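One-letter residues, chain by chain:
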Amino acid sequence: MKHIIHIVVITLVFLAAGPAPAADNAAELKALRAKDWTVPGIEMKLKLIPAGGFTMGSPKDEMCRRNDEIQHQVEISRPFYIGVYEVTQREFYELMMPPGYDYEAWRYKRGPIHDGAAFCYRYPTGGSLINGASAVGGERTDLNPMECVTWERAREFCRKLTEIERRADRLPDGYVYRLPTEAEWEYACRAGTEGPYNVEGDYAQLGSIHNFAWVSTFSWTVFGTRAVGGNRRPNAWGLHDMHGNVYEWCLDWYGPYEKGRTADPIGPAQGTEKVIRGGSFAGVDKGDKKRFDEEDLQQQVHPFLRSSARYRVPPDVSSYAILGFRVVLGREIAR
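Every chain is numbered on its own, with residues counted from 1 as its sequence reads. Confidence filtering applies because this is a predicted model: local features only for residues at pLDDT of at least 70, side-chain atom pairs given and counted only at 80 or more, and all residues used for totals across whole chains, interfaces and linings. With hydrogens and water stripped out, all remaining heavy atoms of the structure feed into the side-chain values.

**Quick word on the environment of Arg 170**
Stage number 1. Numbering of helices and strands runs from the N terminus, with a helix taken as a DSSP run of H or I at least four residues long and a strand as a DSSP run of E at least two residues long. With respect to the helices, strands and loops of the structure, Arg 170 is situated in the loop between helix H4 (151-167) and strand S6 (175-178).
Stage number 2. As for Arg 170 and Lys 30, which are separated by 140 residues in sequence, their C-alpha atoms are 6.5 Å apart.
Stage number 3. Residue contacts are defined here by distance: any two heavy atoms, one from each residue, within 4.5 Å place the two residues in contact. When near neighbours in sequence (up to four residues on either side) are disregarded, Arg 170 contacts Ala 26, Leu 29, Lys 30, Trp 37, Pro 40 and Glu 165.

**Focus on the packing of aromatic side chains**
Stage number 1. Stacked, tilted and edge-to-face are the three classes assigned to paired rings of Phe, Tyr and Trp, where Trp is represented by its six-membered ring and a pair needs centres within 6.5 Å; plane angles under 30 degrees give stacked, over 60 edge-to-face, the rest tilted. Considering all chains together, one arrives at 13 aromatic pairs under this definition.
Stage number 2. With 6.4 Å between their ring centres and 85° between their planes, Tyr 203 and Phe 212 make a pair best called edge-to-face. The two residues Tyr 203 and Phe 212 agree in class, both being buried.
Stage number 3. By the ring-pair criterion, three or more aromatic residues cluster together here, those being Phe 54, Tyr 187 and Trp 237.
Stage number 4. When the ring centre of Tyr 254 is taken as origin, the NZ or CZ atom of Arg 312, which lies over that ring, is 4.3 Å away. The rule is simple: take the accessible area with a 1.4 Å probe, protein chains only, and divide by the maximum for that residue type; under 20% is buried, over 50% is exposed, in between is partly exposed. Only when the NZ of Lys or the CZ of Arg is both within 6 Å of the ring centre and within 35 degrees of the ring normal is a charge said to sit over the ring.

**Description of the confidence of the model for the protein**
Stage number 1. In predicted models, pLDDT denotes the confidence assigned by the predictor to each residue on a 0 to 100 scale. Residues of the protein with pLDDT of at least 70 account for 85%, and the chain-wide mean is 89.
Stage number 2. Across residues 1-23 the pLDDT falls below 50, and counting only partners more than four positions away or on other chains, this stretch makes 32 contacts in the model.

**A word on the sheet that holds strand S11 (residues 323-324)**
Stage number 1. Here, strands pair whenever DSSP counts at least two bridges between them. Strand order in the open sheet made by the four strands is S10-S9-S7-S11, with mixed pairing throughout. Taken across any chain shown, the strands that pair with only one partner, and hence form the sheet edges, are strand S10 (310-313) and S11.
Stage number 2. In the sheet, strand S7 (residues 247-253) pairs with strand S9 (residues 274-277) via three bridges, with the strands oriented antiparallel. In the sheet register, Trp 253 faces S9, and the bridge partner there is Lys 274.
Stage number 3. Lines fitted to the C-alpha atoms define the axes, with helices restricted to the stretch that makes contact. Angles between their N-to-C directions range from 0 to 180 degrees. Each of S7 and S9 touches H4; the most contacted strand, S7, lies at about 90° to it.

**Brief notes about the packing of helix H3 (residues 89-96) against H4**
Stage number 1. Interhelical geometry of H3 versus H4 gives an angle of 70° and a closest axis separation of 10 Å. Taken together, H3 and H4 sit at an angle that is classed as roughly perpendicular. Here H3 contributes Glu 91, Phe 92, Leu 95 and Met 96 to the contact with H4, which in turn contributes Arg 153, Glu 156, Phe 157, Lys 160, Leu 161 and Ile 164.
Stage number 2. Under the grouping applied here, Gly and all other residues not named as nonpolar or charged are polar, the nonpolar ones being Ala, Val, Leu, Ile, Met, Phe, Trp, Tyr, Cys and Pro and the charged ones Asp, Glu, Lys and Arg. For the contact of H3 with H4, the residue count by class is six nonpolar, no polar and four charged. We call two directions roughly parallel when the angle between them is under 35 degrees, roughly antiparallel when it is over 145, roughly perpendicular when it lies between 65 and 115, and oblique otherwise.

**As for helix H5 (residues 182-190)**
Stage number 1. Counting buried positions over the nine residues of H5 gives nine, a clear majority of the element.
Stage number 2. Within H5, the full set of buried residues consists of Glu 182, Ala 183, Glu 184, Trp 185, Glu 186, Tyr 187, Ala 188, Cys 189 and Arg 190.
Stage number 3. Within two residues after H5, Ala 191 carries a phi angle of roughly 50°, on the positive side.

**Observations concerning the side chain of Thr 162**
Stage number 1. Here Thr 162 is to be found in helix H4.
Stage number 2. The exposure class of Thr 162 is buried, given its relative accessible area of 5%.

**Quick word on the pairing of strand S5 (residues 80-83)**
Stage number 1. Neither face of S5 is left uncovered, since the one carrying Phe 80 and Ile 82 and the one carrying Tyr 81 and Gly 83 both have all their residues buried.
Stage number 2. Bridge count between strand S2 (residues 44-49) and S5: four bridges; the pairing is antiparallel. Note on S5: the bridge partner recorded for Leu 46 is Gly 83.
Stage number 3. Two elements, S5 and strand S12 (residues 328-331), share two bridges in a ladder whose sense is antiparallel. Paired with Ile 82 across the bridge in S12 is Val 328.

Right, here's the structure in full:
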């Protein structure tokens, strides 16, 4: 309970400071007082996350827990901003695709990933590929999360954004755009909660999970990601899709947690795989059953989507339509 009280007290101090400054007030952003910030140009929305302490990991009796989720106390010593949503295709293309790229020339549902675009590129217009329907799609999925992006390409996006905002003099001292550390990610995801998910619900029912997380299945007959946010509930700090839609890259190499209480951990100094968090839409397969049941969720959803669930992949993975990222504006970390 102490760490929850710690977060609540700090949050109340933030709220008691008076009305939130305007979202376009760069002076308030640089002073870490703007509760909300919209990055000019790409219109990316950020939320200010207060410093505080929390219990990282999961209790031994949590459903579908894995052995690498050992509970330990973590202190986040400085406030930081984090994306309200996963980075969208529109935001990513603005900084990362070649100038003058002809997005309309590619008419298919599955995107030109060979050019650096997302896999989920256009909405289906009906039917499925297996049943002989056209592979041609409809409206572009600009507001869906960017995916099929390596860890380094995600970092390049952050570096470019940092350069733009530094030239515009819109960065707090010592702060840069980057990927979240694993500790920052879980702290922001939990938003003071201790349970398996950051929104209460009946976790034995897929419909209840859909209230806050997009999870379905991955196949050529079912479209994958969904537009960020949608009608899914955010957590208590206003962050959407921390569970489901796409996995999110973290800054850390994967490894065992440090023992004891830690402050601002950044993971091992080296490794072979990077941490990814949050799970994805590709979670459920009911097989030959008529509907999903609790066993499906226990085997295919909860092990991956929970707040404490950890997964890892090599940093050069480039063709995962289940993997995207979310940005942080935080203290610069040499990695």
